[in-house]
Protein chains: 4
Amino acid sequence: MVSETIIYPRYGETDQMGVIYHSNYFRYFEVGRTDFYKAIGFSYKVLESEGVLFPVLECGCTFVSPAHYDEEVIVRTRLESFKFARFRMHYDIVRFDDGVEKRLVSGFTEHAFANRDLKPVNIKKTHPHLYEVLKKSLEDKTHAL
Amino acid sequence: MVSETIIYPRYGETDQMGVIYHSNYFRYFEVGRTDFYKAIGFSYKVLESEGVLFPVLECGCTFVSPAHYDEEVIVRTRLESFKFARFRMHYDIVRFDDGVEKRLVSGFTEHAFANRDLKPVNIKKTHPHLYEVLKKSLEDKTHAL
Amino acid sequence: MVSETIIYPRYGETDQMGVIYHSNYFRYFEVGRTDFYKAIGFSYKVLESEGVLFPVLECGCTFVSPAHYDEEVIVRTRLESFKFARFRMHYDIVRFDDGVEKRLVSGFTEHAFANRDLKPVNIKKTHPHLYEVLKKSLEDKTHAL
Amino acid sequence: MVSETIIYPRYGETDQMGVIYHSNYFRYFEVGRTDFYKAIGFSYKVLESEGVLFPVLECGCTFVSPAHYDEEVIVRTRLESFKFARFRMHYDIVRFDDGVEKRLVSGFTEHAFANRDLKPVNIKKTHPHLYEVLKKSLEDKTHAL
């Protein structure tokens, strides 16, 4: 399962190099992640209100080509790996130049399953449905638009 | 009482005009505000952990001349007015060019006294000491550095 | 002419009060502004590449009710006033709760017409078409979605 | 050579988990980097005005323990490796709890030497002094405060 999110980079996200400031891509990843969860069937907003949090344990990004203000980009988001205590999301951000797809950045975020005190939670026990939904998305080859 | 805070604008706070993006000045005001509270004798961090919040009700800013990356600016913060349910902070951001002070922006934020549910609180009753400290800072003509 | 932009507030735009941090609304205004320009017929991105910039001279915002993470809001943007050297945009951000519209914030930004060195430009002379398009949008009562 | 930068996390950098939002640590790294360059003898601000840019090629971060609003942290910055076309900076962010140092995050950014068009530059040829200064900082074991 790969979800797609369209983003128009904002003016305030550029820097004086005339391109999107590097750390803002992690904000785009977050937007892609929120959409991915919806695409596989749950709302992180609701989940968090129930006391399950996904704090970031690790993240990384490779910058191939810069994004620019108001130039449509697409965030492709998928679950890369999944264990009891943590999972890793993968992201590609691409742009279409004259119909040709161009990769701008690729990155990942690794998350824990945690409670409100940011302590680890075994969601297979506490939220078996969530566990199944995430696991299934690893096998699902659908491309959600 | 006027407190002073030195800030070096960050690269990620610039935009493609080559200057600091306008909404970031409200973030500098926040830094000045945190320092102002310390200068008059309390910590907003501690206060909030005790359940008193100062949500922003209104804000405004006039831009005279832009700030730039890594060019030292000074935020001058003071309490402008103070009532039972709300108070207004005033800010001037200045830079020294060859020893001559130049005003870059001026602005204000108006805040409520609220509890954790963001409901109004009468701090004269609930936190008489805080009430006195704020009131006194209006009369105090000290310039804290 | 009033343009409408849908925004889903991002997680990284919340603060520890559990609501959207106040200065981020100016970033939402910017997104609304970019859309407004497109709605009346030009692209600010293109205009800037031609050397016409709209730096912010003044801005303000009144906060009525907070926005939250991933809770759809609508930015309504219109031109409020327009002179030779400057113009003022007005914004309302609203949310629908059970079909009932609720206003969250209202604000404005005032802009100059400037060149790449951020010096004033008389666009009536240099860009008569842009001048007409902006002027017409003041009279136009259309509501663009 | 390791430079140290003191940072007080800002309120607007927190998120609704009550901790600093993960992507903001890359902004703290940037502050540490600006200070590191000064510590070894040059100003990135000046360098960029001369046409040498250090765009980010890759970055990563591991989160051990969260930083909080207004809780002093220290960014320790050093050059980790250095080649003709690129170099890698390493960062540790620590806090002192009752005199005991606690590591919060570690990360890196990898940069290119580029010109204004973001094309690679061989600084050994174009800026031999800068090349020497960076090289020397790899061997220098000083700890700048």
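Residues numbered from 1 in each chain as written. Chains lettered and ligands numbered in written order. Predicted model: local features only at pLDDT ≥ 70, side-chain atom pairs only at ≥ 80, totals over all residues. Heavy atoms only, no water.

Help me get a handle on helix α4 (residues 128-139) of chain C, residues and values and all.
Residue and element names in this part refer to chain C. Here α4 spans 17 Å end to end across twelve residues, near enough to the 16 Å set by a 1.5 Å rise per residue. Regarding α4, the residues found buried are L130, Y131, V133, L134 and S137. One side of α4 holds all its buried residues, which, seen down the axis, span an arc of 165°. Residues of α4 that are exposed and point more than 90 degrees away from the buried face comprise H129, K136 and E139. Against the buried residues of α4 lie α1 (24-40), α2 (44-49), β3 (73-82) and α3 (123-126). (Helix = DSSP H or I, 4+ residues; strand = E, 2+ residues; numbered from the N terminus. Expected span 1.5 Å × (residues − 1). Buried < 20%, exposed > 50% of the residue type's maximum accessible area, 1.4 Å probe, protein only. Arc of directions from axis to C-beta. Contact = heavy atoms within 4.5 Å.)

I'd like to hear about the interface of chain D and chain A, residue by residue, with values.
On the side of chain A, 26 residues touch chain D, which itself brings 26 residues to the contact. Of the roughly 2,000 Å² buried where chain D meets chain A, counting both sides, 57% is carbon and sulfur surface. In this assembly, chain D and chain A are joined by zero salt bridges. For the interface between chain D and chain A, the tally reads ten residue pairs in polar contact (both at pLDDT 80 or more). (Buried area = accessible area lost by both parts, 1.4 Å probe. Salt bridge = Lys/Arg side-chain N within 4 Å of Asp/Glu carboxyl O. Polar contact = N/O pair within 3.5 Å; in protein donor to acceptor, adjacent residues only side chain to side chain.)

Explain the relation of the copies chain D and chain A residue by residue, including any values.
A rotation about some axis, followed by a shift along it, carries one copy of the chain onto the other. With an RMSD of 0.0 Å, the fit of chain D onto chain A corresponds to turning through 180° and sliding 0.0 Å along the axis. Seen this way, the second copy is the image of the first under a two-fold rotation axis. The C-alpha atom lying nearest the rotation axis in chain D is that of G60(D); the distance is 2.0 Å. Here 100% of the interface residues in chain D have copies in chain A that are interface residues too; the copies meet face to matching face. (Least-squares fit on C-alpha atoms with pLDDT ≥ 70 in both.)

How would you sum up the interface of chain B and chain D? Please name residues and give values.
Listed by partner, the interface residues are 19 residues for chain B and 19 residues for chain D. Buried area between chain B and chain D, summed over both chains or domains, comes out near 1,800 Å², and the portion from carbon and sulfur atoms is 41%. Across the chain B-chain D interface, the total number found is six salt bridges. Residues K45(B) and E71(D) are paired through a salt bridge, measuring 3.5 Å at the closest nitrogen-oxygen approach.

Before we move on, could you go through the pattern of salt bridges and cite the residues and values that matter?
Inspection of the entire model under this criterion finds 36 salt bridges over all chains. Two residues, R10(A) and E13(C), come together in a salt bridge whose shortest N-O distance is 2.9 Å. With R10(A) in the loop between β1 (2-7) and α1 (24-40) and E13(C) in the loop between β1 (2-7) and α1, this residue pair bridges two chains. Of the two residues, R10(A) and E13(C), neither departs from the other in class, the shared state being buried. Through salt bridges with shared partners, one network takes in K45(A), E71(C), R95(C) and D97(C).

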